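Topology and contacts: notes
If you want the building blocks of each chain, they are given just below.
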Amino acid sequence: MEGRRRNPYELTEETPVYVISVAAQLSGLHPQTLRQYDRLGLVSPDRTAGRGRRYSARDIELLRQVQQLSQDEGINLAGIKRIIELENQVVALQSRVAELESALDGAAATMRQREAAVHASYRRDLVPYQEVQQTSALVVWRPKRSSQPGD
């Protein structure tokens, strides 16, 4: 959304709108579990001016993922925290790769334009010099005589 201003009232999956009781209900967890996850740094919701937690749709999805990893996969909370950190790192790196690819594409296009401009500036009456291979053959040039009859 570069170049366009975002509507301040537009809701996205990042918009913190759910209080802890609603987030607990949506995620199927107890509010105390959400508080513990926040203390451990697993899911850190935004805070209001009065320090109340506000969860986004993305936070709710992350709560469900933490619960699934914990209960279904048997991963402890420290392991889950590391998994989340690594997933966040992968997302950041993918974003950086996309930025670099975009910059590379722009640089390549600029290079092609400059190269075309250089080629367009060449003088057309000049011919590229090519190295002549040296041989031991002898070539004799004799001018054609047009003044003699019979030619």
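Above this text is the structure in question.
Remember, predicted model here, so these are calculated numbers, not experimental data.

With respect to the pattern of salt bridges
Per the stated rule, a full pass over the model turns up 7 salt bridges. One salt bridge in this structure joins Glu61 and Arg64, with 3.8 Å as the shortest N-O distance. With Glu61 and Arg64 both in helix α3 (residues 57-71), this residue pair falls 3 residues apart, about one helical turn. Of the charged contacts in the structure, one is a salt bridge between Glu85 and Arg82, with a shortest N-O distance of 3.6 Å. One end of the pair, Glu85, and the other, Arg82, are both in helix α4 (residues 77-120), 3 residues apart, so they sit about a helical turn from each other.

Section: the packing of helix α1 (residues 20-27) against α3
In contact at an axis separation of 9 Å, α1 and α3 are set at 50 degrees when each is read in the N-to-C sense. Comparing their axes, α3 and α1 come out oblique. As α1 packs across α3, the resulting crossing turns out to be right-handed. Contacts between α1 and α3 involve Ala23, Leu26 and Ser27 from the first element and Ile60, Leu63 and Arg64 from the second. Of the residues assigned to the contact of α1 with α3, the class counts are 4 nonpolar, 1 polar and 1 charged.

Let's talk about α1
The set of residues buried in α1 consists of Ile20, Ala23, Ala24 and Ser27. In an axial view of α1, the angular spread of the buried residues amounts to 100 degrees, which keeps them on one side of the axis. On its buried side, α1 packs onto α2 (31-40), β2 (53-54) and α3. In the segment just after α1, Gly28 is the residue with positive phi, at about 80 degrees.

Some details on a nonpolar patch on the surface
Together, Val19, Val22 and Leu26 line one region of the surface with nonpolar side chains, adding up to about 180 Å² of accessible area. For Val22, a relative accessible area of 31% gives the class partly exposed.

Remarks on the nonpolar core
If you look at the biggest cluster of nonpolar residues, it comprises 16 residues, and the most contacted ones within it are Leu34, Leu42, Val43, Tyr55, Leu63 and Val66. Going through the elements one at a time, α1, α2, α3 and α4 are the ones with two or more residues in this core. No other element matches the 5 residues that α3 contributes to this core. Once you skip the residues sitting within four places of it in the chain, Leu42 turns out to touch Tyr37, Leu62, Val66, Leu77, Ile80, Lys81 and Ile84.

Some points on unusual backbone geometry
Positive phi, normally seen in glycine, also occurs at Arg51, with a value near 75 degrees. Mapped onto the elements, Arg51 comes out in the loop between β1 (46-47) and β2. Taking the relative accessible area as the measure of exposure, Arg51 reaches 55% and is therefore exposed.

Here we look at the side chain of Asp59
Structurally, Asp59 is set in helix α3. No salt bridge is formed by the buried Asp59; the nearest opposite charge belongs to Arg58, separated by 7.2 Å. In this structure the side chain of Asp59 is engaged in a polar contact, spanning 3.0 Å, whose partner is the backbone nitrogen of Ser56. Apart from residues lying up to four places away in sequence, Asp59 is in contact with Val43, Pro45 and Arg54.

Focus: the environment of Pro8
Assignment of secondary structure puts Pro8 in the segment before α1. Residue Pro8 is classed as exposed on the basis of its relative accessible area of 71%. In the structure, Pro8 is positioned 73 residues away from Lys81 in sequence and 31 Å away in space, judged by C-alpha atoms.

Reading the values: the criteria
Residues numbered from 1 in each chain as written. Predicted model: local features only at pLDDT ≥ 70, side-chain atom pairs only at ≥ 80, totals over all residues. Heavy atoms only, no water. Salt bridge = Lys/Arg side-chain N within 4 Å of Asp/Glu carboxyl O. Helix = DSSP H or I, 4+ residues; strand = E, 2+ residues; numbered from the N terminus. Axes fitted to C-alpha atoms, helices over the stretch in contact; angles between N-to-C directions. Parallel < 35°, antiparallel > 145°, perpendicular 65-115°, else oblique. Left-handed = near helix turned anticlockwise from the far one by under 90°. Contact = heavy atoms within 4.5 Å. Nonpolar A, V, L, I, M, F, W, Y, C, P; charged D, E, K, R; others polar. Buried < 20%, exposed > 50% of the residue type's maximum accessible area, 1.4 Å probe, protein only. Arc of directions from axis to C-beta. Patch = residues over 30% accessible without salt bridge, like charges linked within 9 Å, V, L, I, M, F, W, Y side chains within 5 Å. Areas by Shrake-Rupley, 256 points an atom, 1.4 Å probe, with all protein chains shown as cover. Core = buried A, V, L, I, M, F, W, Y, C linked by side-chain atoms within 4.5 Å. Lys, Arg positive; Asp, Glu negative; His and termini not counted. Polar contact = N/O pair within 3.5 Å; in protein donor to acceptor, adjacent residues only side chain to side chain.

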